[in-house]
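This is what each chain is made of:
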Amino acid sequence: MTRAQLLSISRLLQQSLLNNSNYYFRREMTSGILKVTHKCKGETEWTSNTVSQQCEEVDLMKMDSLQRKLLEEMCIVVDDRDKPLSAKSKKDCHLMQNINKGLIHRAFSVFLFNTKGELLMQQRSDFKITFPGMYTNTCCSHPLYISPELEEHEALGVKKAAQRRMEIELGIHPSQLPLDSFQYLTRILYTATSDGVWGESEVDYILVTQKDVDLRPNKNEVKNHCYLSKGDMKNFLDNLDTSGNQITPWFSLIAKNFLFNWWDNLHNLKPFQDHKSIHRLTF
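Position numbers for residues count from 1 along each chain, tracking the sequence in the order it is written. Residues qualify for local features only when their pLDDT is at least 70, as the model is predicted, and side-chain atom pairs are given and counted only at 80 or more; totals for whole chains, interfaces and linings, by contrast, use all residues. Side-chain figures throughout are based on the complete set of non-hydrogen atoms in the structure, without hydrogens or water.

### Details of the overall build of the chain
Reasoning step 1: Numbering of helices and strands starts at the N terminus; helices are DSSP runs of H or I of at least 4 residues and strands are runs of E of at least 2. When its secondary structure is counted, the chain shows 9 helices and 14 strands.
Reasoning step 2: Looking at the chain residue by residue over its 283 residues, the buried ones come to 48%.
Reasoning step 3: Should any heavy atoms of two residues lie within 4.5 Å, those residues are considered in contact. Of the contacts made within the chain by residues no fewer than 6 positions apart, 63% connect residues no fewer than 24 positions apart.
Reasoning step 4: Shrake-Rupley sampling with a 1.4 Å probe provides the accessible areas, and residues are treated as covered by the protein chains on show and by no other component. Of the roughly 14,000 Å² of accessible surface on the chain, 48% is carried by carbon and sulfur atoms. Any residue under 20% of the maximum accessible area for its type is buried, any over 50% is exposed, and the rest in between are partly exposed; the area is computed with a 1.4 Å probe on protein chains only.

In structure tokens form, the structure reads like this:
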């Protein structure tokens with residue numbers, strides 16, 4: 001049951017108590033639990049009208065404290081043409097009840113190759129709220145609704161966000177990944193649910209870089225990491241059903257539609273730059 005449905009129930013309960021001036025009403029929502037109480041004028045004790053029910057959203061207190069704190073970050077809400085509209089919290093942007101109403105936010109996906117042509121993959125931490133434990137490309141996150149990361153010229157805001165998150169997740173110092181080392185190729189738009197409550201609906205900027213870097217992964221963000229050659233990647237993807245490994249939905253879409261063409265042309269990616277299109281990808 002959603003928060004809106006629970007609040008609607010509470011209003012009906014008020015009406016069922018004759019909706020007159022002899023009653024006071026109080027509605028409390030704590031950690032996704034709604035409780036409605038009333039009392040008559042002159043009384044000191046509140047009487048419960050309903051059995052407490054669990055809201056569909058989730059009890060945030062059960063989450064990892066660091067990941068819970070990150071839900072307060074303000075993301076960039078956009079329309080399906082990537083026009084910025086407003087700011088909303090990471091929590092709001094990743095709740096399926098909002099996504100199902102059309103809420104989209106701006107994101108990015110980094111593909112870092114070393115000088116041997118191997119792609120750095122990460123397995124998302126089990127603490128992550130969306131798609132925990134799944135394998136994905138080097139780094140996936142979102143720019144914040146702050147001036148430096150809202151800058152749109154040459155996708156500088158997105159590149160600054162990528163540089164920030166690469167240090168947070170993988171410990172890569174910004175000096176090893178200057179902004180001009182990121183090549184902005186194109187954008188994709190997709191929607192995917194993680195567990196029915198949380199999900200993604202993003203205009204996702206694709207950034208590619210080829211550098212040898214020093215890694216110090218943050219265990220709260222990254223469970224495991226590895227470099228894969230193109231051949232190893234094909235074997236990895238071909239054997240997902242038998243290996244028990246899972247990949248994130250955006251990585252699945254990118255691998256299916258773009259990745260191997262880019263991989264064959266790391267020496268010259270300019271022909272793959274398409275900053276006008278937003279590729280609408282579905283499963």
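### Things to note about the nonpolar core
Reasoning step 1: Phe111, Leu119, Met233, Phe251, Leu259 and Trp262 are the most contacted members of the largest nonpolar core, which totals 32 residues.
Reasoning step 2: Within the residue set of this core, elements represented by two or more residues are β7 (104–113), β8 (119–124), β11 (183–193), β12 (199–210), α7 (230–238) and α9 (249–263).
Reasoning step 3: For this core, the leading source of residues is α9, giving 10 residues.
Reasoning step 4: In this view, Leu259 contacts Phe111, Phe113, Leu119, Phe251 and Ile254; residues no more than four positions away in its chain are not counted.
Reasoning step 5: Remark: nonpolar core denotes a set of buried residues (Ala, Val, Leu, Ile, Met, Phe, Trp, Tyr, Cys) joined through side-chain atoms within 4.5 Å. Core analysis: the next-biggest nonpolar cluster, separate from the first, contains 25 residues, Phe108, Ala161, Tyr184 and Val222 among them.

### Digging into the environment of Phe260
Reasoning step 1: In this structure, Phe260 sits in helix α9.
Reasoning step 2: Residues Phe260 and Lys230 lie 30 residues apart in sequence; the distance between their C-alpha atoms is 7.7 Å.
Reasoning step 3: Here Phe260 is in contact with Lys230, Met233, Lys234, Leu237 and Ala255, once residues within four sequence places are set aside.

### Side note on the pairing of strand β6 (residues 84–89)
Consecutive side chains along a regular strand alternate between the two faces of the sheet.
Reasoning step 1: Note on pairing: DSSP must find at least two bridges between two strands before they are called paired. With 5 bridges joining them, strand β5 (residues 74–78) and β6 adopt antiparallel strand pairing. Paired with Cys75 across the bridge in β6 is Lys88.
Reasoning step 2: What sits between the antiparallel neighbours β5 and β6 is a turn of 5 residues, in which Asp82 has the positive phi angle 70 degrees.

### So, the side chain of Arg187
Reasoning step 1: Along the polypeptide, Arg187 turns up in strand β11.
Reasoning step 2: For Arg187, a relative accessible area of 9% translates into the label buried.
Reasoning step 3: Looking at Arg187, its side chain comes within polar contact range of the side chain of Tyr184, at 3.2 Å.
Reasoning step 4: What qualifies as a polar contact is a pair of N or O atoms within 3.5 Å, subject to a donor-acceptor requirement within protein and to the restriction that residues adjacent in sequence count only when both atoms come from side chains. Of note is the side chain of Arg187, whose polar atom sits 2.9 Å from the backbone oxygen of His275.

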